[in-house]
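# Structure assessment
Listed below are the residues making up each chain.
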Amino acid sequence: MTQRRPGVALNVVMLGPPGAGKGTQAERFARTHGIPKISTGDILRDAVRSGTELGRAAKATMHAGRLVGDDVIIGIVGERLELPDTRPGFVLDGFPRTVPQAAALDSLMTGRGPLVIVEMVVPEEVLLRRLGARRICGSCGVNAPIEWITACGNCGGTLVHRTDDGEGIVGERLKVYHRETEPIVEFYSGRPTFRRIDGNQPPDAVTAAMDRAICEASAPAKEVRL
Ligand code: AMP
């Protein structure tokens, strides 16, 4: 693990299409560095499972593979980032997904240190293969690694396909990604804290590359001695 700079928050955005491995890698990075992983997809799926007002409002949109409204999502993330556990940093998985969401995040970042943006690049045929094989726990919602054959290693729940990983819906989600989310890459790519990572490597190699890239990008600019 790369040493983080003391006193510098690790504020991370994971960008990439569905199936790029954002969730898995965000989870690993967050655990290693003791910061929260904030997944808007997980928050919404929890809300759907619990039948809250948010869940009832978002369910049909999610199942169709479309995006929930910017105002709702920005509100959710704004509230979450107010909690004190995000002060040493956070990893955002699935947010921002539109340029207005990215602009709103910039406003939320005032006074919080650098924002590192990691884009995970994976060929489309690999994404389709991964999404077809992906399972989550039907009870606690965690992403299942391949070692879990039938039951969740966290809570013993049954492993299921995500409703929106079905064949017809995956196509729509990828289309929505290209149309709504890819423009964010351009929004961020000129920043000194933007990093692109090859997500088509063994998971441990991706973890190591991400760790190096984020810790290096979060470091304050070196002092120049004259
Ligand atoms: P994910 O688990 O990130 O693939 O998200 C699952 C679904 O939740 C998406 O297909 C959207 O319907 C919804 N969702 C998650 N994050 C966002 C976001 N930032 N903006 C709009 N909709 C979102």
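Each remark here, short or long, concerns the structure printed above.
Residues numbered from 1 in each chain as written. Predicted model: local features only at pLDDT ≥ 70, side-chain atom pairs only at ≥ 80, totals over all residues. Heavy atoms only, no water.

Near the ligand you find 16 residues, and of these Thr40, Arg45, Arg66, Gly94 and Gln101 are the closest. With respect to the ligand, the side chain of arginine 97 contributes an N or O atom lying 3.0 Å from an oxygen atom. The separation between an oxygen atom of the ligand and a polar side-chain atom of arginine 162 is 3.0 Å. Summarising the interface, the protein chains cover 96% of the accessible area of the ligand, which totals 480 Å² for the free molecule. (Near = heavy atom within 4 Å. Polar contact = N/O pair within 3.5 Å; in protein donor to acceptor, adjacent residues only side chain to side chain. Areas by Shrake-Rupley, 256 points an atom, 1.4 Å probe, with all protein chains shown as cover.)

Moving on to the pattern of salt bridges. Considering all chains together, one arrives at 16 salt bridges under this definition. Ionic pairing is found between glutamate 180 and arginine 179, a salt bridge with its closest N-O pair at 3.4 Å. Classification of glutamate 180 as partly exposed rests on a relative accessible area of 30%. Under the relative-accessibility criterion, arginine 179 is labelled exposed at 52%. Via salt bridges that share partners, Glu27, Lys37, Asp42, Arg45 and Asp93 belong to a single interconnected network. (Salt bridge = Lys/Arg side-chain N within 4 Å of Asp/Glu carboxyl O. Buried < 20%, exposed > 50% of the residue type's maximum accessible area, 1.4 Å probe, protein only.)

Attention shifts here to the sheet that holds strand 3 (residues 89-93). The five strands are arranged 2-3-1-4-7 in an open sheet whose pairing can be described as parallel. Edge positions in the sheet fall to strand 2 (37-39) and strand 7 (194-198), since each of these pairs with one other strand and no more. The average undirected angle you get between the axes of adjacent strands in this sheet is 20°. Where strand 1 (residues 10-15) and strand 4 (residues 115-121) come together, five bridges link them in parallel fashion. Paired with valine 13 across the bridge in strand 4 is isoleucine 117. Helix 1 (residues 22-33) contacts strand 1, strand 2, strand 3 and strand 4 of the sheet and is inclined by roughly 170° relative to strand 1. Sheet contacts for helix 2 (residues 40-50): strand 2 and strand 3; angle to strand 2, the most-contacted strand, approximately 60°. (Pairing = 2+ DSSP bridges. Helix = DSSP H or I, 4+ residues; strand = E, 2+ residues; numbered from the N terminus. Axes fitted to C-alpha atoms, helices over the stretch in contact; angles between N-to-C directions. Contact = heavy atoms within 4.5 Å.)

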